Amino acid sequence: MTATQAPAPRDTAGRALVELDGVSKYYGNIKALEDVSLEVHAGEISCVLGDNGAGKSTLIKIIAGLHRHDAGTFLIEGEETVLANPRDALDRGIATVYQDLAVVPLMPVWRNFFLGSEPTKGSGPFKRLDVKRMRETTRAELLRMGIDLRDVDQPIGTLSGGERQCVAIARAVYFGAKVLVLDEPTAALGVKQSGVVLKYVAAARDAGLGVVLITHNPHHAYLVGDRFVLLKRGTMSGSHTKDDVTLDELTRQMAGGSELDELSHELERTPAPDHLGGRPDADDTP
C-alpha cells in the first residue's frame with residue numbers, strides 16, 4: 001500500500017490481520033514467551049497487559065520482526081509467516097511505535113514525520129528534498145487525525161510526550177500501516193496527555209487499522225480495547241473480549257487475582273493486645 005492510498009477497510013470476513021497461535025520464544029533455557037495466542041483485526045484494538053517481565057517486550061519484538069519465534073504459528077492475513085527483520089514487517093504493513101520514540105529532537109516536526117522516507121524533486125545534481133510537500137503533507141495528515149499543531153516547523157523535541165506519540169501514530173497511518181503496535185504509549189504521561197493519546201489510538205482504529213496496545217494500565221486498556229490478553233511470566237493468564245469481562249475483573253486479574261486476595265488477608269490490621277495499648281474493656285474503666 002502506498003502513502004496516498006486509503007486506510008485498510010474493516011475486515012468484514014472476520015479474518016485476522018495478524019494472528020499468533022501458541023507462539024513461544026526461548027533464550028537458551030529461559031522461556032521468555034510460551035504458548036501465547038493473539039488476534040488483531042482491522043478496526044479493532046487488541047490490548048496486551050502485563051507487569052514488567054511478563055513477556056510484553058518479547059511479544060512486540062516478534063510482531064515487529066526483530067526476533068523470530070521458536071514455536072507456534074505467526075500468520076499475517078491468513079498466511080503463515082516468519083519475519084526476517086523490521087523492514088520485512090513494515091513491508092507487510094506492520095508499524096511499531098516504541099515507548100522511547102525514534103525521533104531527532106532538534107529536527108522540525110515535518111522532517112521527523114518523513115524521516116527515512118523523504119520525497120525529493122528534480123534529478124541528477126539538482127535532486128533535492130521536496131520541503132514544501134513535506135510541510136504541507138505533515139500539516140494535512142496531522143489535521144486529518146485531529147492533531148492541530150501550532151507549527152510543523154518547530155523542533156519535535158519541544159512537543160509534549162503525548163503530542164510526539166500522536167505524530168508517530170499519524171505517520172504510521174499515512175505510510176499505509178495495516179497493523180499498528182504501540183509500546184506503552186501512556187506509560188510516562190499524566191492523566192490529560194494519556195487521554196489525548198488514547199483519543200488518537202481510537203482514531204487509528206476508526207481509520208481501519210488493527211491496533212496492538214501494549215500496556216500495564218487496565219483502565220486505559222478498557223477505555224479503548226476490544227480484546228484483552230493478559231501475560232504473566234511469559235505465559236497467558238487470561239484472554240477476553242470486552243463483552244465477557246468487566247473493568248473490575250480485568251483489574252483484578254492484572255493485579256494477581258487470588259494472590260492479591262491472599263496479600264490483602266495478610267495485611268489486614270489486627271487489634272493490639274491490651275498491654276500494648278489496645279482498647280480497654282468496659283470493665284477496665286475506672
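Residues numbered from 1 in each chain as written. Predicted model: local features only at pLDDT ≥ 70, side-chain atom pairs only at ≥ 80, totals over all residues. Heavy atoms only, no water.

A.B. asks: Tell me what's going on with the sheet that holds strand 5 (residues 79-80), and back it up with residues and numbers.
C.D. replies: Sheet strands pair by backbone hydrogen bonding; their relative direction is either parallel or antiparallel. Ordered in space as 2-1-4-5, the four strands form an open sheet in which the pairing is antiparallel. With one partner strand each, in any of the chains shown, strand 2 (30-40) and strand 5 form the two edges of the open sheet. Against the sheet, helix 1 (residues 56-63) engages strand 1 (18-27), strand 2 and strand 4 (71-76), with an angle of about 60° to strand 2. (Pairing = 2+ DSSP bridges. Helix = DSSP H or I, 4+ residues; strand = E, 2+ residues; numbered from the N terminus. Contact = heavy atoms within 4.5 Å. Axes fitted to C-alpha atoms, helices over the stretch in contact; angles between N-to-C directions.)

A.B. asks: Outline the pattern of salt bridges, supporting the account with residue identities and numerical values.
C.D. replies: Applying the stated criterion across every chain yields a total of 12 salt bridges. In this structure, arginine 227 and glutamate 44 form a salt bridge, with 2.8 Å as the shortest nitrogen-oxygen distance. Here the residue arginine 227 occupies a position in strand 11 (residues 227-232), and glutamate 44 occupies one in the loop between strand 2 and strand 3 (45-49), the gap between them amounting to 183 residues. The class for arginine 227 is partly exposed, based on a relative accessible area of 23%. The buried category is assigned to glutamate 44, whose relative accessible area is 17%. Residue arginine 144 pairs with glutamate 141 through a salt bridge whose shortest N-O separation is 3.0 Å. Of the two residues, arginine 144 and glutamate 141 are both situated in helix 4 (residues 131-144); the distance of three residues between them amounts to about one turn of the helix. Judged by its relative accessible area of 48%, arginine 144 is partly exposed. Beyond isolated ion pairs, a larger network of salt bridges with shared partners links Glu39, Glu44 and Arg227. (Salt bridge = Lys/Arg side-chain N within 4 Å of Asp/Glu carboxyl O. Buried < 20%, exposed > 50% of the residue type's maximum accessible area, 1.4 Å probe, protein only.)

A.B. asks: Can you break down the sheet that holds strand 12 (residues 235-241) residue by residue, with the values?
C.D. replies: The strand order 6-9-10-3-11-12 describes an open sheet built from six strands, whose pairing is mixed. Of all strands in the sheet, those bounded by a partner on one side alone are strand 6 (94-97) and strand 12. For this sheet, the mean inter-axis angle between neighbouring strands, taken without regard to orientation, is 15°. One ladder, built from four bridges, connects strand 6 with strand 9 (residues 179-183); its direction is parallel. When the bridges of strand 9 are listed, threonine 96 appears paired with valine 181.

A.B. asks: A description of the confidence of the model for the protein should follow, citing residues and the corresponding values.
C.D. replies: Here the protein shows a mean pLDDT of 85. Residues at 70 or above account for 85%. Note on residues 1-12: pLDDT under 50 across the span, and 20 contacts to partners over four residues away in sequence or across chains. (pLDDT = per-residue confidence, 0-100.)

A.B. asks: Tell me about the side chain of threonine 81, residues and numbers included.
C.D. replies: Note on placement: threonine 81 falls in the loop between strand 5 and helix 2 (86-91). Here glutamate 79 takes part through its backbone oxygen, which lies 2.9 Å from a polar atom of the side chain of threonine 81. Beyond its immediate stretch of four places on either side in the chain, threonine 81 contacts His69, Phe74, Ile76 and Arg92. (Polar contact = N/O pair within 3.5 Å; in protein donor to acceptor, adjacent residues only side chain to side chain.)

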